[in-house]
Amino acid sequence: MSLLVVCPTCGERPFSEFSFGGELREVSSPDPAADFARVYLRDNVAGVQDERWFHLLGCRRWVTRSRDTVANRFVEG
Amino acid sequence: MAELRACSLAVVVCAADADALDALVAPGYGARVLRTAADEALFVTAPEVVADVAREVADRIAALDDDAIVLDVTDGWAAWSLAGDDAERAFSYLSHLEAPANRAFVQGDVAHVGAKVLGEPGCLTILVPAYWREHLRERAVHDARAHEVRP
Amino acid sequence: MGSLRFEGRRVETRDGDTIGSALFRHGVRTFSRSLKSHRRRGLYCATGDCANCLVTVDGVPGERACTTGVREGMRVQRETGWPSTEHDALAINDTLHWAMPVGFYYKVFVRPRWLWEVAEKVIRRTTGTGTLPVTAAAAPKPTRYARVDVLVIGGGVAGLAAAAAAEGRVLLVDEGQIGAAASDPATRAAIERFATQARAAGVELLERHAAIGIYEGPSVPLVGPDELVEVEAARVIVATGAVEAHGVFPGNDLPGVWLARGAARLAALHGVSPGDRAVVVANTDDAAASVQTLRDAGIEVTEVRGRVLEARGSKQVASVTVLTPEGRRAFACDALVLSLGWAPRDTLLRMSPDPEVSGAGDVVLPGCTLAEAAQSGRAAGGGRPVEPRLAEPWPILEEAGYVCVCEDVDVHDLEAAWDEGWTSSEILKRYTTATMGPCQGALCSRHLSSFAESKGAAAGAQGRTTARPPARAPRLEDLIGGVHEVIERRTALHERHVEAGARMDRSGVWMRPGHYGDTNGEIRAVRERVSIMDVSTLGKFWVAGRDARALLDWAFPLDVGAVAPGRARYLLALDEAGYVVDDGLLAALADGTYYLTSTSGGADRMEASLRNWADRLNLHVHLVNQTAHLGAINVAGPYARELLAALSQDDLSRAAIPYPGHAEITVAGVACRAIAVGFVGELSYELHHPRSRSVELWNALLDAGRAWDIRPHGLDALDVLRLEKGHLFVAQDTMPDDHPTKLGLDWAVARDKTSFVGKQALVRMAALPLDRKLVGLRFDGVPQRGAPLSVGERIVGRVTSCAVSDAVGASIGLGWLRTIDGAFPQALVAGDLRATVTPMHFYDATGERPRG
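Because the structure is a prediction, the values reported are computed rather than measured. (Residues numbered from 1 in each chain as written. Chains lettered and ligands numbered in written order. Predicted model: local features only at pLDDT ≥ 70, side-chain atom pairs only at ≥ 80, totals over all residues.)

1. Observations regarding the overall build of chain B
- When helices and strands are tallied, chain B shows 4 helices and 10 strands.
- When the elements of chain B are put in sequence order from the N terminus, they spell out β-β-α-β-β-α-β-β-α-β-β-β-α-β.
- For 151 residues, the compact-globule estimate of 2.2 N^0.38 gives 15 Å, and chain B sits close to it at 16 Å.
- Within the span of chain B, comprising 151 residues, buried residues form 55% of the whole.
- When contacts within chain B are restricted to residue pairs at least 6 apart in sequence, long-range pairs at least 24 apart make up 62% of them. (Helix = DSSP H or I, 4+ residues; strand = E, 2+ residues; numbered from the N terminus. Rg over C-alpha atoms; globule rule 2.2 N^0.38 Å. Buried ≥ 20, exposed ≤ 12 C-beta atoms within 10 Å, placed from the backbone. Contact = placed C-beta atoms within 7 Å.)

Next up, the structure:
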């Protein structure tokens, strides 16, 4: 419980209502080599990163949210 | 002790553009409108009027978004009501959600499945996907110690 | 007045007794034997902080005798020692310290290796605490959720004052009964006053619930007698107080050595004298009250200040030597009562760095007065966190004595570990296991860090060790309520299957019929006549909107434009790495919308995936997940069309329902979308219909099907039927990194399409050598699913599906296979059997039968 994700439809909810979609990344790449990096290589930042969250038990829609991976809290914006 | 009853409700879903749903005039027939997502609304009605509600919603939304889907999905939902003075306390054994006030609506984790919860006078109505009908009944009786009232 | 049963004997109890007070009055002095040395241990803290008095109550181990109230007729047993706690042959261990060095498990029984197997059995029997009741059925407790503005943990003066002062929804929790443990009148009066204030302020007071941890959020689980409460709080105030400091000196663990508040509590609340002649080491201001309480109880008390050098005694303490300001003095006594300083009960506080968690009272101001406790509580309740005050210098460790009584770690052990190079408090903890016993370091955590400090540990290596949940020992049944349960999805036909005698299997998230008693008969019905199967579990979606086709063209590798209205196509779902994650069907509808299905376990994932792409690509698409609202029944077999014709007026010809394709028809009065598909390799129609009509449709089909001796089939039959066709089950026959080529599914990928999810990955992987693929297999016997496939000594693959097929007249299977020197081997060994690689289509290779 308790890492709270703000869903624009449902409000603030524990992360357990969501499934995690990983770091936000481009939807496609210009060529197979670039695609390899896009698909397999993660930035894995210690700090703020944009992430995708699917509100599985609520509205069943995706949100993009910024999380500070060190403090494990979502930040505004 | 809270009382658990299976309820007979009908549900119409409308999937349409957010702008179209914002502009949609709610149907009559006492239907409750649940805005479940920016691009989706559920209309909860009495079973007798579901066809009328679906038609009215379809007519109105067509003018706003000609791709919209309007569908009677009554069969997709199992509805249970928790009634009695203890209803809210019983609900707290099923969900971390605040029990919605009268006429309010909340959706989220109830008994570990995605549910829609409607605040009604004197009771809470919980809608879960139909394949979880038994699951919710069992959790309400076992965890929330609700007393099941069969018609 | 009542009684309990203690190891077969009757022990009288008085009102308000704890197990500990009743047993002590009865004459019990040794409550347990220590973990390793089997030394006698008696009541020590008497406040629930140490683990000396853990007993088994009515078969349940690990109950704290000193804080557990008595119940009439309860059965109490001590837990340690052989043959008994009182007469313990294993006390010999106390002379065998040389054989049990610190870091025992890293040093002893290393060679020969078999020795450990033997030794472990012995050690398991002789150490540890109580025995878990392995036969008792655990009744899971329900979990209740509570959301509050302020949660206060601890119902003493500071906690109650904080709760009374806090705004909003306030919950105060105490692991015992509020006020019940206060032994002096002033504290009792203050608690009563603040409890009244708190109630008047609308605070909810929850007793007999123990906070076992503080998780991020902050979120606090409370274990109560018949529930687990998960509290989400905007703020948490920890007011768990302090326990008197544990003294470390030779003989410090003897029965008869007491922490002062506990001894006073026993005398004042239970009328039990901790001894006749007590020496009180009164180094704190608080000690005066304890001394007075003991004197009031008629105990002869000698009060001293100073350093305790040694306590002696055999079964219990008999004498003590104290270094007083006047010099070294020895006393004869039967109780040594210690008030040496304060150890804040800060385990919970040390679990969370969040600013939302703060302390009040003794836990941050150890040794504070009642007035200070109330004041700090009010401040914390009002949202003004109290700055923690450092405790007075910590009592020194003498040259010997037990630092951690739970784990039997003494000063020598710490010295030895230090000399071996474990020179920080965290590492000392892991190596010696000090602080890791049932009390979770409540008494000894600070000793460990002060030891490291005294040894000159580096600045970052001498701090307090991190506290982790659980702060109190929960039982397994406290924790399992509703947490790991499998949530069953049931189709509308569930009851019908059960009535028909089906064995219901858990298949992913669904309950499904495995068989109805005769799998071979079910298979024959499909191949020779007609049969039905409940496939309501399939994921079902309706996709509309002007960008529907664009979305599906992006999300899946098939050419959506090539699917004409009224037609259907096999659908493969790839992830961005080009790997197969799911499969299903795509049906094109006349109005430019689409109906698609996923596997039974893949519905949530497919919805999430489609919504993700619609969102990321900003497409104008509407999607309704119809999995719950539609049932589906597959009608399969050579007479499938005849059966439908008996129940439908609609045109069922190939012109009306092409293969593969679909049409809306009415069957037995139920509106259905009939999809002609070929998964089982016979003429078949999936009838998708509103869930509420499933039973009616199922019954009608069974009824009309009697002419063909119809019977339903389950998953076991399906497994064979689709295997005979060489159709794979995603996840069973696929590996997580299988791209379509490895599965022989290139035909399901429109490679000419410029882009789709996984396209670039497929282009990249096409350039790599194909070193593994799924193949068809024939065996000269019946293998096990999962059997390795080998060539000589070398394992080159694995059987993923297999069955003896009557239709094919052979033992067949699917399996994955690796190349040897660039070529796929053809002749293999599967366990004791020979296996030959064959094409995957075993039955009706040309695919004529499903066309009808």
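2. Section: the sheet that holds strand β32 (residues 594–598) of chain C
Residue and element names in this part refer to chain C.
- Pairing is antiparallel in the open sheet, where 5 strands are placed in the order β30-β31-β32-β29-β33. Across the chains shown, the open sheet's two edge strands, defined by having one partner strand only, are β30 (568–574) and β33 (622–625). Put simply, the sheet's adjacent strands are angled 25° from each other on average, direction ignored.
- As paired elements, strand β29 (residues 539–544) and β32 share 5 bridges and run antiparallel to each other. Across the sheet, the residue bridging to W542 is Y595, located in β32.
- Sitting on the sheet, helix α15 (residues 548–555) is in contact with β29, β31 (580–588) and β32, with an inclination near 135° to β29. (Pairing = 2+ DSSP bridges. Axes fitted to C-alpha atoms, helices over the stretch in contact; angles between N-to-C directions.)

3. A closer look at helix α17 (residues 640–647) of chain C
All names here are of chain C.
- Those residues of α17 that fall on the buried side of the exposure criterion are A640, R641, L643, L644 and L647. Buried positions in α17, seen along its axis, are confined to an arc of 160° and lie on one side of it.
- On the buried face of α17, the contacting elements are β34 (630–636), β35 (661–667), β37 (684–690) and α18 (694–704). (Arc of directions from axis to C-beta.)

4. Re the interface of chain A and chain B
- Between chain A and chain B, the contact holds 11 residues from the first and 9 residues from the second.
- In terms of residue class, the side of chain A that touches chain B is made up of 5 nonpolar, 3 polar and 3 charged. (Nonpolar A, V, L, I, M, F, W, Y, C, P; charged D, E, K, R; others polar.)

5. Some remarks on the interface of chain B and chain C
- Every contact between the two is made by 25 residues of chain B and, on the other side, 27 residues of chain C.
- At the level of secondary structure, the elements contributing two or more residues to the side of chain B that touches chain C comprise β2 (10–15), β5 (69–72) and α4 (133–142) of chain B.
- Considering only residue class, the side of chain B that touches chain C consists of 13 nonpolar, 6 polar and 6 charged.

6. Details of the nonpolar core
- Ranked by internal contacts, the top residues of the largest apolar core, which has 165 residues, are V12, C14, L82 and I126 of chain B together with V543, L586 and V635 of chain C.
- Counting residues in each nonpolar core, the second largest holds 143 residues, with A164, L254, V301 and Y402 of chain C among its members. (Core = buried A, V, L, I, M, F, W, Y, C linked by C-beta atoms within 7 Å.)

7. Observations concerning the pairing of strand β21 (residues 335–339) of chain C
Residues and elements named next belong to chain C.
- Most of β21 sits out of view: 5 of its 5 residues are buried.
- Burial along β21 is two-sided: A335, V337 and S339 and L336 and L338, pointing in opposite directions, are all buried.
- Where strand β15 (residues 257–259) lies against β21, 3 bridges are found, and the strand directions are parallel. Considered in β21, the bridge of W258 is made with V337.
- Where strand β16 (residues 277–282) meets β21, 5 bridges bridge the pair, whose relative direction is parallel.

8. Some remarks on the confidence of the model for chain B
- With 100% of its residues at a pLDDT of 70 or more, chain B shows a mean pLDDT of 96.
- Predicted complex metrics record ipTM = 0.98 and pTM = 0.88. (pLDDT = per-residue confidence, 0-100.)

9. A look at the pairing of strand β43 (residues 827–830) of chain C
Residues and elements named next belong to chain C.
- Alternating positions in β43 separate cleanly, L828 and A830 being buried on one face and A827 and V829 remaining unburied on the opposite face.
- Here β43 runs beside strand β44 (residues 833–838); their pairing, made up of 4 bridges, is antiparallel. Note on β44: the bridge partner recorded for L828 is A835.
- Between β43 and the antiparallel strand that follows it, β44, lie 2 residues; G831 among them carries a positive phi value of about 65°.

10. Considering the sheet that holds strand β18 (residues 307–313) of chain C
Residue and element names in this part refer to chain C.
- Here 3 strands make up an open sheet; going across it, the order is β18-β19-β20 and the pairing antiparallel. Each edge of the open sheet is held by one strand with a lone partner, namely β18 and β20 (327–332). Across this sheet, the average inter-strand angle for adjacent strands is 15°, counted without regard to direction.
- Where β18 meets strand β19 (residues 317–324), 6 bridges bridge the pair, whose relative direction is antiparallel. Within β19, the position partnered with E310 by the bridge is T321.

11. Remarks on α15 of chain C
All names here are of chain C.
- Along α15, the residues classified as buried are A548, L551, L552, W554 and A555. The buried residues of α15 occupy an angular sector of 160° when the element is viewed end-on, so they sit on one face.
- The inward-facing, buried residues of α15 abut β29, β31, β32 and α16 (603–616).

12. A few points about the packing of helix α10 (residues 425–432) of chain C against helix α11 (residues 445–454) of chain C
All names here are of chain C.
- Between α10 and α11, the least distance of the axes is 9 Å, while the angle of their chain directions is 120°. Accordingly, the angle class assigned to the pair α10 and α11 is oblique. Between α10 and α11 the crossing geometry is right-handed. Judged by residue contacts, S425, L428 and K429 of α10 engage L448, S449 and A452 from α11.
- Here the residues of the contact of α10 with α11 are counted per class, giving 3 nonpolar, 2 polar and 1 charged. (Parallel < 35°, antiparallel > 145°, perpendicular 65-115°, else oblique. Left-handed = near helix turned anticlockwise from the far one by under 90°.)

13. Here we look at the environment of T45 of chain B
All names here are of chain B.
- Among the structural elements, T45 can be located in strand β4 (residues 40–45).
- On the neighbour-count criterion, T45 (24 C-beta atoms within 10 Å) is buried.
- Here T45 is in contact with A10, V12, Y29, G30, A31, V50 and V53, once residues within four sequence places are set aside.

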